[in-house]
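Results of the structural survey
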Amino acid sequence: MASVQWRSRWRKYEAELQRCHPEALPVEFGDYHPLKPIMVTDTKTRRGTRKGSTSSSSSSSSSAPADPLSSMLDGTDPLSMFAAASSGETSALSHDGSGGDLGRKKRVKEEEPIGADFEPWSTKRGEILARFTTTEKLSINLFMGSDRGKAPNPGTSAVSEKVRTRLEELDDLEEGSQRELLNLSQQDYANRIEELNQSLKEAWSSDQKVKALKIVIQCSKLLSDTSVIQFYPSKFVLITDILDTFGRLVYDRIWTMCSDPRTLPDSFTAEDVNDTAKETCLNWFFKIASIRELLPRLYVEAAILKCSRFLSKSGIQETLPRLTAMIRGIGDPLVAAYARAYLCRVGMEVAPQLKESLNANFFDLLATFRQVSGDSVQRQLHVQRVEAPEYLTLYSPAINWILQCIAYRAPEQLLTEMMERCKMMANNALLLNSIMRAFRPEFAATRATDFIGMIKDCDESGFPKHLLYGSLGRSLACADPPESERLTILNEAWKVITKVRNAQDYMNCAEIWVEFTCRHFTKREVNTVLADIIKHMTPDRAFEDAYPQLQSVIRKILAYFHDFSVLFSMERFLPFLDMFQKDSVRVEVCKSIMEVFIKHQLEVTRDPVILNAMLHICKTMHDSVNALTLEDEKRSLALLIIGFIRMVSFGRDFEQQLSFCVEARATFCNLEPVLVQLIHTVNQLAMETRRVVKGNHSRKTAAFVRACAAYCFITIPSLSSIFSRLHLYLLSGQVALANQCLSQADAFLKAAVSILPEVPRSISVEGKLRSSETFLLDFINNFLATLLVVPDHPEHGVLYLVRGLLNMVQEYTWEDNSDAKVRVYISALPLLAAMSQETYLYSIPKVDSNETLYGGDPKFLSEINKLCETLIGQILDHLKTLTRDEQSVRRQSALAFSLFGVLLAHGDLRNNKLSQLSVNLWNLSHKHGHCETRVSVRTLESIKHQAQQPDMAHLADAIQRLALQSRT
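Residues numbered from 1 in each chain as written. Predicted model: local features only at pLDDT ≥ 70, side-chain atom pairs only at ≥ 80, totals over all residues. Heavy atoms only, no water.

Looking at the side chain of Lys235
Put simply, the test is: In this description a helix means any DSSP run of H or I spanning at least four residues, a strand means any run of E spanning at least two, and both kinds are numbered starting from the N terminus. We call two residues contacting when some pair of their heavy atoms lies within 4.5 Å.
Mapping Lys235 onto the fold places it in helix α9 (residues 232-258). Residues contacting Lys235, with those up to four places away along its chain left out, are Tyr189, Leu222, Leu223 and Asp225.

Here we look at the packing of aromatic side chains
Inclusion rule: For Phe, Tyr and Trp, rings pair up if their centres lie within 6.5 Å, where Trp contributes its six-membered ring, and each pair is then called stacked (planes under 30 degrees apart), edge-to-face (over 60) or tilted (otherwise). Residue exposure (1.4 Å probe, protein chains only): buried if accessible area is under 20% of the type maximum, exposed if over 50%, otherwise partly exposed. Here, a charge over a ring is recorded when the distance from Lys NZ or Arg CZ to the ring centre is within 6 Å and its angle to the ring normal is within 35 degrees.
Following the criterion strictly, the structure yields 40 aromatic pairs and no others. Ring geometry for Trp494 and Tyr506: centres 6.4 Å apart, planes at 75°, overall edge-to-face. Taken as a pair, Trp494 in helix α23 (residues 486-497) and Tyr506 in helix α24 (residues 503-520) lie far apart in primary sequence, 12 residues in all. Each ring, one from Phe644 and one from Phe660, has its centre 6.0 Å from the other, and the planes form 75°; the classification is edge-to-face. Taken together, the residues span a long stretch of sequence, with Phe644 in helix α31 (residues 631-646) and Phe660 in helix α32 (residues 654-667) at a distance of 16 residues. The exposure class assigned to Phe644 is buried, which follows from its relative accessible area of 0%. Judged by its relative accessible area of 4%, Phe660 falls in the buried class. Members of the aromatic cluster, joined through ring pairs, are Phe118, Trp121, Tyr232, Phe236, Tyr299, Tyr338, Tyr342, Trp401 and Tyr408. Positioned above the aromatic ring of Tyr251, the side-chain terminus of Lys306 is 4.5 Å from the ring centre.

A closer look at the pattern of salt bridges
Formally: A pair is scored as a salt bridge if a Lys or Arg side-chain nitrogen falls within 4 Å of a carboxyl oxygen belonging to Asp or Glu.
The full count for this structure, using the stated rule, is 29 salt bridges. We note a salt bridge from Lys619 to Asp623, for which the minimum N-O separation is 2.7 Å. Remark: Asp623 and Lys619 occur in helix α30 (residues 608-623); sequence separation between them is four residues, near one turn of the helix. One salt-bridge network, held together by shared partners, links Asp244, Arg345 and Glu349.

Describing the confidence of the model for the chain
For clarity, the threshold we go by: Residue-level confidence of the predictor is what pLDDT reports, using numbers from 0 through 100.
Of the residues in the chain, 85% have a pLDDT of 70 or more, and the chain-wide mean is 83. Within the chain, no element has a lower average pLDDT than helix α4 (residues 101-111), which sits at 40, and none a higher one than helix α33 (residues 672-693), at 96. Counting interchain partners and residues more than four positions distant, the pLDDT-below-50 stretch residues 143-159 has 20 contacts. In this model, residues 173-177 is a region of pLDDT below 50 whose contacts with residues beyond four sequence positions or in other chains number 13 contacts.

Examining the state of the cysteines
What counts here: Cysteine sulfur pairs qualify as disulfides if the two atoms are within 2.5 Å.
Per the counting criterion, the structure on display carries zero disulfides. Free of any disulfide, Cys661 has its nearest neighbouring cysteine sulfur in Cys708, separated by 8.4 Å. Judged by its relative accessible area of 0%, Cys661 is buried.

A few points about the pairing of strand β4 (residues 768-771)
Our working definition: Pairing between strands is defined by DSSP: at least two bridges between the two strands are required.
Judged from the four bridges that link them, strand β3 (residues 762-765) and β4 form a sheet pairing that is antiparallel. Across the sheet, the residue bridging to Ser762 is Ser771, located in β4.

Quick word on helix α12 (residues 315-326)
An α-helical segment advances 3.6 residues per turn. Residues three or four places apart therefore align on the same side. Spelled out, the test is: Multiplying 1.5 Å by the helix residue count minus one yields the expected span of that helix. The directions from the helix axis to the C-beta atoms form the arc being described.
Here α12 is 12 residues long and its end C-alpha atoms lie 17 Å apart, about the 16 Å a rise of 1.5 Å per residue gives. Buried residues of α12: Gly315, Ile316, Thr319, Leu320, Leu323, Thr324 and Met326, and no others. The arc that holds every buried residue of α12, seen down its axis, measures 150°, which confines them to one face. Projecting away from the buried face of α12 at angles above 90 degrees are the exposed residues Gln317 and Glu318.

Considerations on helix α34 (residues 699-715)
Taking 1.5 Å of rise per residue, 17 residues should cover 24 Å, and α34 covers 24 Å from first to last C-alpha, within 8% of that figure. Restricting attention to buried positions, one finds in α34 the residues Thr701, Ala702, Phe704, Val705, Cys708, Ala709, Tyr711, Cys712 and Thr715. Along its buried surface, α34 packs onto α32, α33, α35 (722-738) and α36 (742-754).

Notes on the packing of helix α13 (residues 333-350) against helix α17 (residues 396-407)
Put simply, the rule reads: Interaxial angle, 0 to 180 degrees, is taken between N-to-C directions of lines fitted to C-alpha atoms, where a helix line uses only the stretch in contact. Put simply, a crossing is left-handed when the front helix is turned counterclockwise from the back one by less than a right angle, and right-handed when it is turned clockwise. Amino acid classes used here: Ala, Val, Leu, Ile, Met, Phe, Trp, Tyr, Cys and Pro are nonpolar; Asp, Glu, Lys and Arg are charged; the rest, including Gly, are polar.
One way to put it is that α13 packs onto α17 with a least axis distance of 9 Å and a crossing angle of 35°. Two packed elements cross with a definite hand, and for α13 against α17 that hand is left-handed. On α17, the residues touching Ala337, Tyr338, Arg340, Ala341, Cys344, Arg345 and Met348 of α13 are Pro397, Ala398, Trp401, Ile402 and Cys405. Split by residue class, the contact of α13 with α17 holds 10 nonpolar, no polar and two charged.

Some details on the environment of Arg524
What counts, and what does not: Under the rule applied, a polar contact is a pair of N or O atoms within 3.5 Å (in protein, one hydrogen donor and one hydrogen acceptor; residues adjacent in sequence only if both atoms are side-chain atoms).
Here Arg524 lies in helix α25 (residues 523-537). Under the relative-accessibility criterion, Arg524 is labelled exposed at 59%. Separated by 45 residues in sequence, Arg524 and Ser569 place their C-alpha atoms 9.9 Å apart. A distance of 3.2 Å separates polar atoms of two side chains, one belonging to Arg524 and the other to Glu525.

As structure tokens, then:
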């Protein structure tokens, strides 16, 4: 393969473009279309037919096109068959007398009084455990077992002997078969209770039913202990979990006994229960009735109350009033209140329609509430050093639950009656608080003025009024009071809230009423509330202990104020933000503000109030970045700041826009994605200027676009990513060229060429190291396409940028066994061929490219040809080295075929040496059978098509010498 003399093919781009346009052919529309809906045949087999005979009814039309899938399945598809089978089974069930469970279940579901709108006890459990804690030491009685529980002798197996033995076992527990554990922490106590729960399950699974009952009795007794009264609500939650477990075990046991030989339906009656199950159920109630102490007897019977369904239809209805009356025998009002709460909870689960017992429990609670101020309770509080307000809050979970059960789907008249009864109580603050928490928000909102009057009449010493206003505020946040009363309500509430001295109590209440203020009032009222919060939380740096509440205030304001010009015009908003002095919290608040801004700011802005405030917020986020900041966090912050930058626009005031970018660059210098966005913004600004002046720059606009170029040229070197710098240098050079800034474009492109040696051989992509070769080749190809329209510098040589790029490619350290350098050389040949044309394929308006500067000068063309010959020589030398192994031969074949394609498209094959070289390259690419046959065939067809053109007739001779070789 000797050296060749390069000549570029003369091109007529417009004529070639016209030839490439396909001929317009009329489109005929047939009946078939691949997206047309397929008609699926639904075959229904009739019941009662003989085996082997079927009758089908088809839902498809006879005119519908045949579906190949349906035809393969004899007219039925699997989904239709399954649907038909399922429909048949359902129909059979509905007509089968023994399989009526489905119908019963449906009826039960329709009659189910409790819906999803009733908040279950499970959602309150975690809140109670977290709220009612203690650092005091606790005690617990741990069951130790007994020797009396051994099986009786065979001779004493009479029923009376069994009963006597089991009663003795229960007595044994009450007579001291237990050990008291002292000095337990709260966590130790909870762990011991959990151990008892597990012991209960193990005893039950090992058929030690009496031992299981003993554990439940023991745990129930713990509910009479109020020695650490602050922990009582949490103790109630833990122990009632054991009671619930016991109730489920007993119910499931009896249910299983009823399921033999057939399953008991959900809507069963006592008549459906067999005698054995009834006897077992009755036996459990007898055992529980023999418990001596009132409290465990009450709790354990309530736990298995659901089992009354096995005995009689009216069992539950008769038992609930009796248990309600039993609670009247409990002397401690706190213990009695929680016993009533548990009974109401069980009642709502087993018989929610029986509202009478719920009402009776509440009225009993009202009647005994005067005990709270009695001597015995006061002595107990004095001994335990508990204040009255703290003691009253212990009642809240119980009373709230009772009232929630009563208020669920209750008529308005009943709720009004409850409210009136509370008014008659002397110290009704606690009950009033529970009413506002438990009743529907709409009920409280329509009577907000009445509630405020009741709050005013409450005794401040018993229950703080700010807690009452907090409960009212929660209701008003969910439902709107009458519009005429809103301002009065806010004023009355805030008069009390602002007088709260304890900063934490104040903040808890103010946080609730901020939402009401934002929802119904303007920025003036919200600004007043913020000022009051700042006034209360600034002394002694009280805000440091209230960051969650302060963050909640910000979230509520942002939920209602989406107009940031209004938001930032509040005088106290930014000072409010200054209270977030903990770095992590301050950044989170700023991020929440930015997220709302990006979501709701639909139009670009130039409002100085918004810009100054948002710059301050973005700077706060930016300044939080340090060496320890995670990359994900940096990326998140950068995206938020970029979102803000994109929303800033000064319209036709381009100089102000550039000044903003200069300020932003200084402010956000540590976040590289933000700098990249600023460079894109300035380049876009330069192109917008070009659009406005329609390419005819005046002295002023020309100076401005040069200033934009200078901004980019100064900013790009500060980026650490080498490929970001390369792409931005190229992009900025293209923008400068489009704006006729030739020296600036020249500087950008030279800078890009000069940093090519800095490209590493591998880069990190999504946390994984990958070769940079592919990315570098893509960039160089893009760069070469730009060089076509870049005019040569008068003080440098011909094609100095092309030569500089190729020299850098020559000096770059490529990977071993890499063909990247040769591929660049092959890609450079089409560029040089395009530069040889009298008219270039594309150009930039008002920019004279080399076609104009040189005007087809022979010396210029000679330089191009020499450079092409040098490149081809380098490529051929590399091809000669690729003969070592099978892999090298494959690479040789691919490169030879690529060079053949370039010669065919851009070389003048009328030159015999060039034509012979193309034939040799074709043969070399097919020599070892590694070239794709299909591609080769299409290439030959394309050459034959070109040979039919008058100016390409010389290709006909070359076609005769291009032969396909088989791979064998």
